[in-house]
Amino acid sequence: MTDHKQVAASPFEAFFRWWAALTMRHRGWVLLVALASVLLSGWLAHSRLKFSTDRTQLLDPDHPIQRSWKVHRQSFQGNSDLLVLITGDPAEVRAAADSLGVLLNREKNYFDEVFFKIELSKIDQHALYFLSLADLQSLIRQLREAGPWMSSTQSGLPGLLEKLAHTQDPQSLKPILPLFTNVLEGMSRSIESRGQAPYQSPMPSFQGEKQAVKMGQDTVYNTIQGDRTCLMLVQPSDRSGSFEQDAQTVARLRQCVAQVMRGYPSVDCMVCGEVVMNTDEMVGSYRDTRLSGGVAVISVFGLLMVAFGNWKRPLCAGLSLGVGMAWSAAFAALAVGNLNLLTVHFATIVAGLSMTFAIQLLCQFLEAEEDHNAWQETVARSGPQCLIGALTTAIAFWSLHFANFRAAAELGLITGTGVLLCFVSITTLLPILLSFFEGSGGRRSVRLPGWTIWSGAVSRHPYRVLFISLFISLYSLTWVTRVPFNYNVLSLQPAGSEVVRLENFLQTMGYSGLFAVTSAANVSEANLLASKFEGLSSVSRVETVAALEPLDVQLKAPLVEEVIRLARPLAAPARPSTPPSLSGADLQKLARDFQSASSHLQQLLTRLPESPEKLRFSRELKRFEALLDPEKPGPISSALQIYQQELERDLARQARFLSEQRPIEPDILEFLPQPLLARGVSPRGRVSLRIFPKGNAWDREPLEFFVNQITRVDAYVTGSPLMIYYNIQELRKAYSTSGRVALSVICVLLLLHFRSLKNAALAIFPKLLGVLWMVGLMGICGVSFNSANFLALPITLGIGLIFGVNVLLECQQKGAASLFSGSTGAAVTLSGLTAMLGFSSFLLVSHVGVSSFGFVMAAGVGANLLTSLLTLPALMTALKVKDN
């Protein structure tokens with residue numbers, strides 16, 4: 001002990017002895033100041049410390065992608081859309097979407113710019129420009145050739161039959177076969193249902209350049225997967241990225257969805273989007289943190305009660321740690337202000353790392369002689385060692401500041417500083433708190449059942465221990481290059497969560513909650529840029545309001561004028577008429593006339609080439625002829641009257657719609673609804689583009705391929721895929737850089753402390769070996785690195801270093817055998833076990849990333865504990881290393 005005291009008899013030891021005496025002498029004032037500081041820290045943390053779900057805050061603000069993203073978000077709304085997918089029967093889906101849209105538009109405190117459909121009333125008179133050139137030419141041909149036939153319908157079925165009977169040219173039938181086929185099918189359906197079947201227009205629909213358009217259609221819904229799924233975009237009123245606001249908004253949206261969907265039980269509705277995923281992730285983290293935190297507190301408190309013999313000592317350790325945690329929260333509030341998805345876990349990390357200091361002091365105190373100076377000697381002996389541990393841990397975290405990754409730098413700053421603050425609070429307050437309960441003396445040993453069996457294994461069989469350690473190390477070395485890195489942040493979400501389920505559903509249709517964004521100066525440039533993106537093999541689709549702009553308007557203008565000219569005569573108002581009722585004799589005549597016309601038409605059809613339309617027309621002729629039963633004149637007459645009235649109104653409406661078209665070229669930006677314009681056009685007129693990746697871009701290879709391709713087309717493209725790509729890239733770079741920096745600084749610090757290269761190497765040896773064993777255990781258990789648990793690598797460099805330092809000093813002074821009978825071994829063991837229990841509690845959480853972080857940290861601490869307590873003493877025994 002004499003030599004050890006001489007080593008410790010330094011300015012550090014003198015300072016800690018003076019500090020312990022000063023604080024103990026004024027312990028009442030110290031506690032009062034501590035209480036006041038806790039209240040002040042709590043107020044600062046509550047008022048200034050906010051939580052953000054915005055992943056864009058993870059990157060450095062000066063990163064090019066971050067700057068582009070900031071500019072884009074300021075110019076366009078819709079980059080934080082909440083997505084609602086409504087799936088089911090098309091009619092039910094539209095009704096549910098309308099009901100939900102009305103409800104959300106009333107909730108102005110939560111939602112803004114709800115978009116799920118486009119009202120076409122403003123662009124009705126320009127609808128012809130949205131047809132393709134081929135459709136316009138086909139429409140003109142039909143109006144020219146079918147005009148006389150359409151006018152004959154005003155005389156009812158007899159007039160139509162008379163017209164058909166006098167037709168001699170089969171080629172004149174060809175262009176109107178689809179129309180006649182639809183009319184025959186409609187009349188047959190009306191007779192079969194006795195006039196109850198809903199009317200369906202026989203006019204063909206045209207496949208527009210953008211989507212299926214029917215003449216006179218007044219509403220287009222934002223649908224995918226045909227008409228069975230409506231995609232609703234909901235912009236939150238608060239777009240600050242505040243977790244509290246986002247959580248309230250998402251919760252309210254789900255309440256509204258549940259309220260509306262009770263009226264549509266056959267419709268399935270899902271809520272998703274990046275904001276939803278981030279919010280659910282944060283909410284889940286809070287929920288799981290309460291669970292794991294409770295389990296950790298109970299298990300650690302129970303372990304310390306067994307080890308220290310009563311509940312007072314663990315309570316005092318917890319209270320002194322709590323003061324440091326309050327200071328840490330206040331520092332975080334002042335230094336960073338916002339906690340993100342990475343820094344939100346700083347408190348758990350700080351608490352797990354700092355409990356080591358309390359355990360070290362308690363173990364030294366229980367071994368101290370029972371006199372009034374016991375606490376001064378305890379702090380004087382343990383203070384310098386704990387300071388080394390605190391400094392090395394803080395340096396490991398502070399080294400994250402050198403990386404170009406904002407979240408890592410902030411985590412390093414507040415966590416490293418938090419460890420030092422907790423060191424100050426524990427070394428200051430723990431002796432004072434215990435002095436109120438136990439005076440200045442205490443029990444001389446810590447209760448760790450079965451602990452002494454390890455003493456013989458290390459002291460009597462050091463080479464066996466070294467051989468086993470070598471075998472484990474060589475095996476772990478084989479896993480260093482084989483443990484993969486999982487880049488898929490979606491896979492870190494709880495299995496079976498709504499966000500994961502919905503994302504998988506979207507990907508089956510070429511959509512994703514993950515898309516890149518960029519902008520163009522105007523509509524024409526946006527369409528040009530969109531065509532370049534669509535030509536990329538990694539892109540599934542490009543969405544932009546510019547795509548709604550009609551193409552080839554100059555070529556279409558004369559065609560539109562011709563359609564209007566041909567439609568005007570057909571739209572002339574006709575006197576309203578009610579088709580006469582048919583008696584039995586009338587029906588018999590109608591049947592004879594139809595049979596005659598049908599035979600005539602069948603002969604004409606033989607002169608036309610075979611086609612599906614010809615076969616369908618023949619089939620409908622036979623069907624209708626079979627339904628004309630003279631024995632049932634009443635039902636047949638009524639059904640035909642109903643259908644003919646509907647047909648006349650429909651044809652007049654269609655013709656009137658065409659005749660009212662305007663030949664003026666439309667400017668689509670003047671007619672689109674505000675919710676769509678807010679997402680697609682900036683106040684300065686720039687047009688936004690959304691680029692969706694092909695395949696699962698949450699995985700590394702498709703994501704990298706997608707990012708590389710689109711950035712070659714446009715250097716200013718940004719958005720979530722690029723954020724995720726560069727976040728993980730910078731994350732790995734940050735941790736690799738911080739690891740090298742931390743290791744270098746820690747080595748220098750150990751050299752300054754020990755003033756011996758050999759002792760510094762021995763102190764850090766178990767740490768490096770423990771990291772290797774940790775990687776080996778990950779490989780055996782099939783755990784991969786990811787964006788959440790990769791943080792464990794730089795953390796483990798600092799968390800267990802104090803184990804090796806304490807064991808080295810103890811073995812040098814008293815030998816390896818004394819390690820398991822004195823306070824040092826007990827302190828190291830308890831420190832490791834409490835840290836392992838704390839981090840193991842993360843295994844209970846549902847979030848895969850947090851759970852894997854707990855596993856890696858527990859494995860790292862456990863491996864470092866074994867290498868410090870077994871491998872290092874065995875090596876020192878084999879080498880017969882003594883204190884210099």
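Along each chain, the written sequence defines residue order, and numbers are assigned to residues from 1. Per-residue local features are limited, in this predicted model, to residues with pLDDT of at least 70; the limit for side-chain atom pairs, both in listing and counting, is 80 or more; totals at the level of whole chains, interfaces and linings are taken over all residues. In computing side-chain properties, one takes all heavy atoms of the structure into account and sets aside hydrogens as well as water.

## Brief notes about the overall build of the protein
So, step 1. A count of helices and strands for the protein gives 30 helices and 17 strands.
So, step 2. A 1.4 Å probe rolled over the protein chains alone gives each residue an accessible area, and that area as a share of the maximum for its type sets the label: buried under 20%, exposed over 50%, partly exposed in between. Looking at the protein as a whole, 56% of its 884 residues are labelled buried.
So, step 3. Sequence separation of 24 or more characterises 84% of the internal contacts of the protein that already satisfy a separation of 6 or more.
So, step 4. Per-residue accessibility takes into account occlusion by the displayed protein chains alone, with areas from the Shrake-Rupley method and a 1.4 Å probe. Just so you have it, the protein exposes about 37800 Å², and 58% of that area is on carbon and sulfur atoms. Runs of H or I in DSSP of at least four residues are treated as helices and runs of E of at least two as strands, each being numbered from the N terminus. Any two residues having at least one pair of non-hydrogen atoms within 4.5 Å are treated as being in contact.

## Some words on the nonpolar core
So, step 1. Working definition of a nonpolar core: buried Ala, Val, Leu, Ile, Met, Phe, Trp, Tyr and Cys residues. They are joined through side-chain atoms within 4.5 Å. Val84, Ile86, Met232, Leu430, Ile710 and Leu750 are the most contacted members of the largest nonpolar core, which has 196 residues in total.
So, step 2. Once residues within four sequence positions are removed from consideration, leucine 750 is found in contact with Ile388, Arg755, Ala760, Ala763, Ile764, Leu801 and Val805.
So, step 3. Counting residues in each nonpolar core, the second largest holds 24 residues, with Met187, Leu608, Leu628 and Ala639 among its members.

## Examining the sheet that holds strand β13 (residues 516–520)
So, step 1. DSSP-based pairing: two strands are paired if at least 2 bridges between them are found. With respect to topology, four strands assemble into an open sheet ordered β14-β15-β13-β16, the strand pairing being antiparallel. Pairing within the sheet leaves two strands with one partner each, and these edge strands are β14 (539–543) and β16 (718–719).
So, step 2. Axis lines are fitted to C-alpha atoms, over the contacting stretch for helices. Their N-to-C directions set the angle, which ranges from 0 to 180 degrees. Across the face of the sheet, helix α18 (residues 523–534) comes into contact with β13, β14 and β15 (687–693) while running at roughly 10 degrees to β15.
So, step 3. Across the sheet, helix α24 (residues 700–713) is in contact with β13, β14 and β15; its angle to β15 comes to roughly 150 degrees.

## Let's talk about the packing of aromatic side chains
So, step 1. Centre distance within 6.5 Å is the pairing criterion for rings of Phe, Tyr and Trp, where only the six-membered ring of Trp is used; planes under 30 degrees apart are then read as stacked, over 60 as edge-to-face, and the remainder as tilted. In this structure the tally under the stated criterion is 14 aromatic pairs.
So, step 2. Measuring from ring centre to ring centre gives 4.7 Å for phenylalanine 485 and tyrosine 487, while their planes differ by 50 degrees; the resulting arrangement is tilted. Across this residue pair, the class does not change: phenylalanine 485 and tyrosine 487 are buried.
So, step 3. With a centroid separation of 6.2 Å and an interplanar angle of 85 degrees, the aromatic rings of phenylalanine 839 and phenylalanine 853 are classed as edge-to-face. Here the residue phenylalanine 839 occupies a position in helix α29 (residues 823–840), and phenylalanine 853 occupies one in helix α30 (residues 848–879), the gap between them amounting to 14 residues.
So, step 4. Note on phenylalanine 839: relative accessible area 1%, which makes it buried.
So, step 5. Taken together, the ring pairs in this structure connect Phe15, Phe16, Trp18, Trp19, Phe357 and Phe423 into an aromatic cluster.
So, step 6. To sit over a ring, a charge needs its Lys NZ or Arg CZ within 6 Å of the ring centre and within 35 degrees of the ring normal. Over the aromatic face of tyrosine 487 sits the side chain of arginine 700, whose NZ or CZ is 4.3 Å from the ring centroid.

## Quick notes on the packing of helix α28 (residues 801–814) against α30
So, step 1. Two numbers describe how α28 lies on α30: the axes approach to 9 Å, and their chain directions differ by 20 degrees. Judged on the interaxial angle alone, α30 and α28 are roughly parallel. Here α28 and α30 pass one another in a crossing that is right-handed. Residues Leu801, Phe803, Gly804, Val807, Leu808, Cys811 and Gln812 of α28 form the contact with α30, whose participating residues are Val861, Asn864, Leu865, Ser868, Leu869, Leu872, Pro873 and Met876. An angle below 35 degrees is treated as roughly parallel, one above 145 as roughly antiparallel, one from 65 to 115 as roughly perpendicular, and anything else as oblique. Put simply, a crossing is left-handed when the front helix is turned counterclockwise from the back one by less than a right angle, and right-handed when it is turned clockwise.

## Here we look at the environment of arginine 48
So, step 1. Tracing the chain through its elements places arginine 48 in helix α3 (residues 27–48).
So, step 2. The class of arginine 48 is partly exposed, set by a relative accessible area of 47%.
So, step 3. Taking C-alpha positions, arginine 48 is 8.5 Å from alanine 330, a pair spaced 282 residues apart along the chain.
So, step 4. Residues within four places of arginine 48 in sequence aside, it is in contact with Ala333, Leu334 and Gly337.

## Points about the pairing of strand β2 (residues 82–87)
So, step 1. Among the six residues of β2, six are classified as buried, and the element is accordingly described as predominantly covered.
So, step 2. Side chains Leu82, Val84 and Ile86 project from β2 onto one buried face, and the interleaved Leu83, Leu85 and Thr87 project onto a second face that is buried too.
So, step 3. One ladder, built from six bridges, connects β2 with strand β9 (residues 229–236); its direction is antiparallel. Its bridge partner being in β9, leucine 82 is matched across the sheet by valine 234.
So, step 4. Here five bridges tie β2 to strand β10 (residues 268–272), and the two strands are oriented antiparallel to one another. For threonine 87, the partnering residue across the bridge sits in β10 and is aspartate 268.

## What to know about the pattern of salt bridges
Oppositely charged side chains can form a pair if their charged atoms are brought close together.
So, step 1. Whenever a carboxyl oxygen of Asp or Glu lies within 4 Å of a side-chain nitrogen of Lys or Arg, that contact is scored as a salt bridge. Inspection of the entire model under this criterion finds 14 salt bridges.
So, step 2. Of the charged contacts, one joins arginine 690 and aspartate 81 as a salt bridge, the two residues approaching to 3.1 Å between their closest N and O atoms. Remark: aspartate 81 occurs in the loop between α4 (64–75) and β2 and arginine 690 occurs in strand β15; sequence separation between them is 609 residues. Comparing arginine 690 with aspartate 81, the two get one shared label, buried.
So, step 3. For glutamate 610, the salt bridge identified is with lysine 614, shortest N-O distance 3.1 Å.
So, step 4. It is possible to trace a salt-bridge network through shared partners that takes in Glu185, Arg189, Glu613 and Arg616.

## Regarding the environment of leucine 304
So, step 1. Summarising the element assignment, leucine 304 is placed in helix α10 (residues 274–308).
So, step 2. Excluding anything up to four places from it in sequence, leucine 304 contacts Gly309, Pro314, Met355, Ile359, Leu830 and Thr834.

## Topic: the confidence of the model for the protein
So, step 1. Residue-level pLDDT values for the protein average 79, and 83% of them are 70 or greater.
So, step 2. A residue's pLDDT is simply how confident the predictor is in it, with values from 0 to 100. When the criterion is pLDDT under 50, residues 1–8 qualifies, and its contacts beyond four places in sequence or with other chains add up to 11 contacts.

## A short note on the packing of helix α16 (residues 462–477) against helix α26 (residues 757–781)
Relative placement of two packed helices is described by the angle separating their axes and the distance separating the axes.
So, step 1. Two numbers describe how α16 lies on α26: the axes approach to 8 Å, and their chain directions differ by 60 degrees. Viewed along their axes, α16 and α26 adopt a mutual orientation that is oblique. Of the two possible hands of crossing, α16 and α26 adopt the one that is left-handed. Between α16 and α26, the residues in contact are Ser469, Ile472, Ser473, Tyr475, Ser476 and Leu477 and Leu769, Leu772, Trp773, Gly776 and Ile780, respectively.

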